[in-house]
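Examining the three-dimensional arrangement
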Amino acid sequence: QVQLVESGGGLVQAGGSLRLSCVASGIISSIYDMTWYRQAPGKQRESVATTVTEGGTYYEDSVKGRFTISRDNVKNAVYLQMNSLKPEDTAVYYCKMRDEQLHTYWGQGTRVTVSS
């Protein structure tokens, strides 16, 4: 059974940085893409950044230039480096992976709190 485990969340002051990690355990057939989502209190879950195996990374407008998504294909891991954090980045962050058959796997979430 595939499980995704996120880590790296925490409390940080505005302007600070955090690096989120998401590692998949179990067997995943060829990964199609990996995405970080976030859900702020009272808001819908939104896509933050995506990396596609065949190439291409995509960012939500509000994080462009501040967040960087990267991956380790050997470890089946995806990372999110978050710099210049703002209070509005406060949310629970989730990773999602899809294989080439578009089976979808979600992590349990890691909380990020940015204080002003």
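Everything here concerns the structure above.
Let us look at the structure shown here. (Residues numbered from 1 in each chain as written. Predicted model: local features only at pLDDT ≥ 70, side-chain atom pairs only at ≥ 80, totals over all residues. Heavy atoms only, no water.)

Here we look at the sheet that holds strand β8 (residues 77-82)
Taking strand neighbours across the sheet as the criterion, the four strands line up as β1-β3-β8-β7 in an open arrangement whose pairing is antiparallel. The open sheet has two edge strands, β1 (3-7) and β7 (67-72), and neither has a second partner. Averaged over neighbouring strand pairs, the angle between their axes works out to 15° when direction is ignored. Here β7 runs beside β8; their pairing, made up of six bridges, is antiparallel. Looking across to β8, one finds that Thr68 is bridged to Gln81. (Pairing = 2+ DSSP bridges. Helix = DSSP H or I, 4+ residues; strand = E, 2+ residues; numbered from the N terminus. Axes fitted to C-alpha atoms, helices over the stretch in contact; angles between N-to-C directions.)

Quick look at the nonpolar core
The biggest cluster of nonpolar side chains holds 27 residues, and the ones touching the most others in it are Trp36, Phe67, Val78, Leu80, Met82, Tyr93 and Met97. For this core, the secondary-structure elements that each account for two or more residues are β3 (18-25), β4 (31-39), β5 (46-52), β7, β8, β9 (91-99) and β11 (110-115). Other than its neighbours up to four places away in sequence, Met82 contacts Gly16, Ser17, Leu18, Leu20, Arg66, Phe67, Tyr93 and Val112. (Core = buried A, V, L, I, M, F, W, Y, C linked by side-chain atoms within 4.5 Å. Buried < 20%, exposed > 50% of the residue type's maximum accessible area, 1.4 Å probe, protein only. Contact = heavy atoms within 4.5 Å.)

Description of the side chain of Thr50
Checked against the element boundaries, Thr50 lands in strand β5. The class for Thr50 is buried, based on a relative accessible area of 11%. In terms of polar contacts, Thr50 uses its side chain to reach the side chain of Thr35, at 2.9 Å. For Thr50, the contacting residues outside a window of four places in its chain are Asp33, Met34, Thr35, Gly56, Thr57, Tyr58 and Ile69. (Polar contact = N/O pair within 3.5 Å; in protein donor to acceptor, adjacent residues only side chain to side chain.)

Looking at the pairing of β4
Of all the nine residues making up β4, seven are buried; the element is thus mostly covered by neighbouring parts of the structure. Sheet topology places β4 next to β5; six bridges connect them, and they run antiparallel. Across the sheet, the residue bridging to Arg38 is Glu46, located in β5.

Some remarks on the packing of aromatic side chains
All chains considered together, the criterion is met by one aromatic pair. Centre to centre, the rings of Tyr37 and Trp106 are 4.9 Å apart; their planes meet at 55°, and the pair counts as tilted. Taken together, the residues span a long stretch of sequence, with Tyr37 in strand β4 and Trp106 in strand β10 (residues 104-106) at a distance of 69 residues. Residue classification places Trp106 among the partly exposed residues on the basis of a relative accessible area of 37%. Seen from the ring of Tyr79, Arg19 lies directly overhead, with NZ or CZ sitting 4.2 Å from the centre. Across the ring face of Trp106, the terminal group of Arg45 is positioned such that the distance to the ring centre comes to 4.8 Å. (Phe/Tyr/Trp six-rings, centres within 6.5 Å; stacked < 30°, edge-to-face > 60°. Lys NZ or Arg CZ within 6 Å of the ring centre and 35° of its normal.)

Some points on the pattern of salt bridges
Scanning all chains against the criterion turns up six salt bridges. When the shortest N-O distance is used, the salt bridge between Glu46 and Arg38 registers 2.7 Å. A residue is classified by how much of its surface remains accessible, and Arg38, at 5% relative accessible area, is buried. Measuring nitrogen to oxygen at the nearest pair gives 2.9 Å for the salt bridge that ties Arg38 to Asp89. (Salt bridge = Lys/Arg side-chain N within 4 Å of Asp/Glu carboxyl O.)

What about the state of the cysteines?
Under the definition given, this model contains one disulfide. Paired through a disulfide, Cys22 and Cys95 show a sulfur-sulfur distance of 1.9 Å. Between Cys22 and Cys95, the S-S torsion sits near 50°, and that sign places the bridge as right-handed. With Cys22 in strand β3 and Cys95 in strand β9, this pair connects stretches of sequence that are 73 residues apart. Taking the relative accessible area as the measure of exposure, Cys22 reaches 0% and is therefore buried. Since its relative accessible area comes to 0%, Cys95 is described here as buried. (Disulfide = S-S within 2.5 Å.)

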